[in-house]
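# Observations on the model geometry
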Amino acid sequence: MKKILIAALFFAASASALAQTPAADASFKLKVATFIDEWHDDAAHARWAYFDKMAKNGVYIGTDKSELWSRDEFKAWAKRFFDKGKAWSFKSTKRNIYFSPDKHYVWFDEQLATQMGVCQASGVIHNTGKGFEIEHYQLSMAVPNEVNDKVVSLIKEAEAAEAKK
């Protein structure tokens with residue numbers, strides 16, 4: 001009986017190892033990249049499917065310190081843009097994709113060409129077995145080191161003005 005159990009475990013481990021081939025991993029990364037690109041394209045064309053690609057309890061963190069939204073809060077905030085048929089356009093110029101061994105969770109970082117200039121973002125995606133959904137996304141503006149002091153000064157001025165209100 002022990003030999004049968006050991007053989008079964010060995011077979012299961014071997015099958016799992018075969019599923020984790022470099023080609024299978026590359027194919028999975030391509031599926032993830034396509035999903036993220038489609039999500040960005042949905043926003044660029046103000047398609048409501050954009051929000052369907054986010055998990056019901058998903059979180060979106062924007063560039064302003066006040067922009068920490070649940071999916072539904074983000075959808076309500078963005079409605080004014082989507083109703084006009086034009087939202088934001090983000091094009092990935094560089095992306096790294098990582099995933100758990102069982103491929104149920106994916107995390108990524110990317111650099112984006114946007115109307116704000118170069119931005120950086122990171123996210124977490126859940127592979128539900130029925131498809132992908134974005135659990136968490138954080139967008140930030142990429143500030144060149146050469147202008148960092150100026151940007152920090154502007155932020156301090158804005159925060160001081162806000163505190164006086």
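Each residue is numbered by its place in its chain's sequence as written, counting from 1. Reporting of local features is limited, given that this is a predicted model, to residues whose pLDDT is at least 70; pairs of side-chain atoms are given and counted only at 80 or more, and all residues count toward the totals for whole chains, interfaces and linings. The side-chain numbers reported here are obtained from all heavy atoms of the structure, hydrogens and water having been left aside.

### Quick notes on the overall build of the protein
Secondary structure elements are taken from DSSP: a helix is a run of H or I of four residues or more, a strand is a run of E of two residues or more, and numbering for both begins at the N terminus. Along the backbone of the protein there are 5 helices and 6 strands. The contact criterion used is simple: two residues touch if any of their non-hydrogen atoms lie within 4.5 Å. Summarising the internal contacts of the protein: among those between residues at least 6 apart in sequence, 46% fall at separations of at least 24. Summed over its atoms, the accessible surface of the protein is roughly 10,900 Å², and 60% of this surface lies on carbon and sulfur atoms. Only the protein chains shown count as cover for residues, and the accessible areas themselves come from Shrake-Rupley with a 1.4 Å probe.

### Observations regarding the pattern of salt bridges
Definition used for salt bridges: Asp or Glu carboxyl oxygen within 4 Å of a side-chain nitrogen of Lys or Arg. On inspection of all chains with the given rule, the structure shows 9 salt bridges. For Lys65, the salt bridge is made with Glu159, and the minimal N-O distance between the two is 3.5 Å. Taken together, the positions of Lys65 in the loop between β1 (54-61) and β2 (68-70) and Glu159 in helix α5 (residues 148-164) put the pair 94 residues apart, joining distant regions of the chain. The exposure class of Glu159 is partly exposed, given its relative accessible area of 38%. Where Arg71 meets Asp72, a salt bridge forms, and the shortest distance between an N and an O atom there is 3.0 Å. Members of the salt-bridge network, linked through shared partners, are Asp41, Asp42, Arg47 and Lys53. In this scheme, a residue with accessible area under 20% of its type's maximum is buried, one over 50% is exposed, and one in between is partly exposed, where area comes from a 1.4 Å probe on protein chains only.

### Describing the pairing of strand β5 (residues 117-127)
Inspection of the sheet shows strand β4 (residues 105-114) paired to β5 by 10 bridges, in the antiparallel sense. Residue pairing across strands places Trp107 opposite Val124, the latter belonging to β5. Between β4 and β5, which follow one another and run antiparallel, lie 2 residues. With 9 bridges connecting them, β5 and strand β6 (residues 132-141) associate as antiparallel partners. Counterpart to Asn127 in the pairing with β6 is Phe132. When DSSP locates at least two bridges between a pair of strands, those strands are taken to pair.

### Observations regarding the pairing of β6
With 4 bridges joining them, β1 and β6 adopt parallel strand pairing. The partner of Tyr60 across the bridge, within β6, is Tyr137. In this antiparallel pair of consecutive strands, β5 and β6, the connection spans 4 residues, and Gly129 shows a positive phi of 95°.

### Notes on the side chain of Ser100
Among the structural elements, Ser100 can be located in the loop between β3 (91-99) and β4. Here Ser100 falls in the buried class, since its relative accessible area comes to 13%. Reaching out from Ser100, the side chain makes a polar contact with the backbone nitrogen of His104 at a distance of 3.3 Å. If we skip the residues at most four places from it in the chain, Ser100 touches Tyr105 and Trp107. Nitrogen and oxygen atoms within 3.5 Å of one another constitute a polar contact, given that in protein one can donate a hydrogen and the other can accept it, and given that sequence-neighbouring residues count only through two side-chain atoms.

### Observations regarding the sheet that holds β4
The strand order across the open sheet formed by 6 strands is β2-β1-β6-β5-β4-β3, and the pairing between neighbours is mixed. For this open sheet the edge positions go to β2 and β3, each flanked by a neighbour on one side alone. Adjacent strand axes in the sheet meet at a mean angle of 15° when their direction is disregarded. Axis definition: a line fitted to C-alpha atoms, limited for helices to the stretch in contact. Angles are taken between N-to-C directions and run from 0 to 180 degrees. On top of the sheet, helix α2 (residues 22-44) reaches β1, β3, β4, β5 and β6; it is set at about 135° to β3, its chief contact. Here helix α4 (residues 71-83) sits on the sheet in contact with β1 and β2, set at roughly 105° to β2.

### So, the confidence of the model for the protein
Values of pLDDT, which run from 0 to 100, indicate the predictor's confidence residue by residue. Confidence in the prediction of the protein, expressed as mean pLDDT, is 90, and 88% of residues score 70 or more. This model gives residues 7-18 a pLDDT under 50, and the stretch forms 0 contacts once residues within four places in sequence are excluded.

### Observations regarding the environment of Phe90
Looking at the element boundaries, Phe90 is found in the loop between α4 and β3. Those residues in contact with Phe90 that lie beyond four places of it in its chain are His40, Tyr60, Leu112, Ala113, Thr114, Gln115, Met116 and Leu139.

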